[in-house]
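Here is how the chains run, residue by residue.
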Amino acid sequence: MPAPTRATLAAACTLALWACKGPAKTDAAPSATAQAQRGTAESPWLVGMSQCNLGEPWRVQMNADVKKAAEKHPNLKLVFKDAQNDSLRQRAQVEELVAQKIDLLIISPKEAAPLTQPVAEAYKKKIPVIVLDRAVQGDDYTTFIGADNVKIGREAGKWAVKALGGKGLIVELKGLMTSTPGQDRNRGFREGLELDKHPGLEVVFEADMQWLEPNARKEMESALTTRKKIDLVYAHNDPGAHGAYLAAKAAGREKELKLVGIDALPHEGVEYVKQGILDATFLYPTGGAEAIDSALDLLAGKSVPKKIVLGTRAFTKENVSQGGEAIP
Ligand code: FRU
């Protein structure tokens, strides 16, 4: 056999490389090689779930929803990572999951900017990526699943206008403003207030409580110290609204104001409404079950929409006993 030339060697290497990597995968379809190896009960698909933190009941619920939906499918195996509310840790964990050769990534990112690159890198390696609840920047992911936070904020704003009869002093305790739900819930709320049409309404205090109840309580203490009168508190999540309630109660002022939050977990926000602690809360579904539905489709080679928008409901004193009210 003649000695191989450089050109034939190069061609052989290219072919060998192609064979190892398999044909280029599409967004929706994992490689033929991977499909042959995984996706059975004996050799399940490996799905990485990167959660930004498990310090709040809503995120614990999200993981429980993902787990419950996945348990019905023996051809799925999940690996959970908890970034403990640290974007850099979450970034490293995504990289670890990719190095572990996951077949699909589900991520609920802490913040948009720091998680954009690791998500894009996974996606460019042809790993389908499902982004849940908080968004990343750009388009380098397979699908985004979450409720419309601008709409939820707007509904909270409209509810506030009604509850106050178009007149009153408002405190806004914002979620982390480097995360998309914080930005969207703020924008929607201001749209819903229509301050140009309601000159008697004023947002007199606003602070970023970063989604955390203890921070919300501290910020509300400052609001109560500096403002002799507060008519309504809008917190971007129920832990924040509860923190505000605790501060108002400690100051003996909880009866002077109305409180509205977001999340409406049955054992958290909805319960607060039933107990008269909150006046209203809006449902923010976790999307855990929907993420598994999409994961199954993607792993089966089907395509899914780039964006899946989940619905919301309003829970108030008036409707809480009937399971709240759907918002079209
Ligand atoms: C939990 C949480 C929820 C909120 C969501 C927004 O970390 O703060 O309370 O609705 O994140 O992403």
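Reference entry: report on the structure contained in this document. In this text, all values refer to a predicted model and were calculated from it rather than measured experimentally.

**A look at the site of the ligand**
Phase 1 of the analysis: In the vicinity of the ligand, the residues found are N53, E56, W58, R59, D133, R134, P181, R185, W211, N237, D263 and Y284.
Phase 2 of the analysis: A distance of 2.6 Å separates an oxygen atom of the ligand from a polar side-chain atom of R134.
Phase 3 of the analysis: At 3.0 Å from an oxygen atom of the ligand is found a side-chain nitrogen or oxygen belonging to N237.
Phase 4 of the analysis: Looking at the shell around the ligand, the elements with two or more residues in it are α3 (57-71) and α7 (180-193).
Phase 5 of the analysis: When we break the shell around the ligand down by domain, the ones giving at least three residues each are domain 1 (39-147 + 286-310) and domain 2 (149-285 + 316-326).

**Some details on the pairing of strand β2 (residues 76-82)**
Phase 1 of the analysis: Relative to β2, strand β1 (residues 45-51) runs parallel, the two sharing seven bridges. The residue of β2 that forms the bridge with V47 is L78.

**Section: the pairing of strand β4 (residues 129-132)**
Regular strands show a simple pattern: their side chains alternate between the two faces of the sheet.
Phase 1 of the analysis: The alternating pattern of β4 places V129 and V131 and I130 and L132 on opposite faces, both of which are buried.
Phase 2 of the analysis: The pairing of β4 with strand β5 (residues 143-147) spans three bridges and is classified as parallel. Each bridged residue has a counterpart across the sheet, and for V131 the counterpart in β5 is F144.

**Things to note about the sheet that holds β1**
Phase 1 of the analysis: Overall, parallel pairing links the six strands, which are arranged β2-β1-β3-β4-β5-β11 in an open sheet. Of all strands in the sheet, those bounded by a partner on one side alone are β2 and β11 (307-310). In this sheet, neighbouring strand axes are inclined to one another by 15° on average, regardless of whether the strands run parallel or antiparallel.
Phase 2 of the analysis: Sheet topology note: the β5/β11 ladder contains four bridges and is parallel. Looking at β11, one finds that F144 is bridged to K307.
Phase 3 of the analysis: Lying over the sheet, helix α5 (residues 112-124) contacts β3 (104-108) and β4, oriented at roughly 150° with respect to β4.

**So, the packing of α3 against helix α11 (residues 288-299)**
Phase 1 of the analysis: Where α3 contacts α11, the axes come no closer than 7 Å and their chain directions differ by 40°. In this view, α3 runs oblique relative to α11, as classed from their interaxial angle. In the packing of α3 onto α11, the handedness of the crossing is right-handed. Side by side, α3 and α11 meet where M62, D65, V66, A69 and A70 of the first sit next to G288, A289 and I292 of the second.

**Here's the deal with the nonpolar core**
Phase 1 of the analysis: Residues I106 and F282 are the most contacted members of the largest nonpolar core, which totals 44 residues.
Phase 2 of the analysis: Both of domain 1 (39-147 + 286-310) and domain 2 (149-285 + 316-326) provide at least three residues apiece to this core.
Phase 3 of the analysis: Core analysis: the second largest hydrophobic core is formed by 27 residues, V171, A241, V273 and L278 among them.

**Overview of the packing of aromatic side chains**
Phase 1 of the analysis: Counting across every chain of the model gives two aromatic pairs.
Phase 2 of the analysis: Here the aromatic rings of W58 and Y284 are separated by 5.1 Å at their centres, their planes lie at 20°, and the arrangement is stacked. Note that W58 is positioned in helix α3 and Y284 in the loop between β10 (280-283) and α11, a separation of 226 residues in sequence. With respect to burial, W58 and Y284 carry one shared label: buried.
Phase 3 of the analysis: Centroid distance F189 to Y234: 3.8 Å. Interplanar angle 20°. Geometry classified as stacked. One end of the pair, F189, is in helix α7; the other, Y234, is in strand β8 (residues 232-235), with 45 residues separating them in the sequence. This pair shows no difference in class: F189 is buried, exactly as Y234 is.
Phase 4 of the analysis: Taking NZ or CZ as reference, R185 lies 4.2 Å from the ring centre of Y284, over its face.
Phase 5 of the analysis: In this arrangement the basic side chain of K306 is found over the ring face of Y141, its NZ or CZ atom lying 4.4 Å from the centre.

Reading guide: rules and limits
- Residues numbered from 1 in each chain as written.
- Predicted model: local features only at pLDDT ≥ 70, side-chain atom pairs only at ≥ 80, totals over all residues.
- Heavy atoms only, no water.
- Near = heavy atom within 4 Å.
- Polar contact = N/O pair within 3.5 Å; in protein donor to acceptor, adjacent residues only side chain to side chain.
- Helix = DSSP H or I, 4+ residues; strand = E, 2+ residues; numbered from the N terminus.
- Domains from an automatic or database assignment.
- Pairing = 2+ DSSP bridges.
- Buried < 20%, exposed > 50% of the residue type's maximum accessible area, 1.4 Å probe, protein only.
- Axes fitted to C-alpha atoms, helices over the stretch in contact; angles between N-to-C directions.
- Contact = heavy atoms within 4.5 Å.
- Parallel < 35°, antiparallel > 145°, perpendicular 65-115°, else oblique.
- Left-handed = near helix turned anticlockwise from the far one by under 90°.
- Core = buried A, V, L, I, M, F, W, Y, C linked by side-chain atoms within 4.5 Å.
- Phe/Tyr/Trp six-rings, centres within 6.5 Å; stacked < 30°, edge-to-face > 60°.
- Lys NZ or Arg CZ within 6 Å of the ring centre and 35° of its normal.

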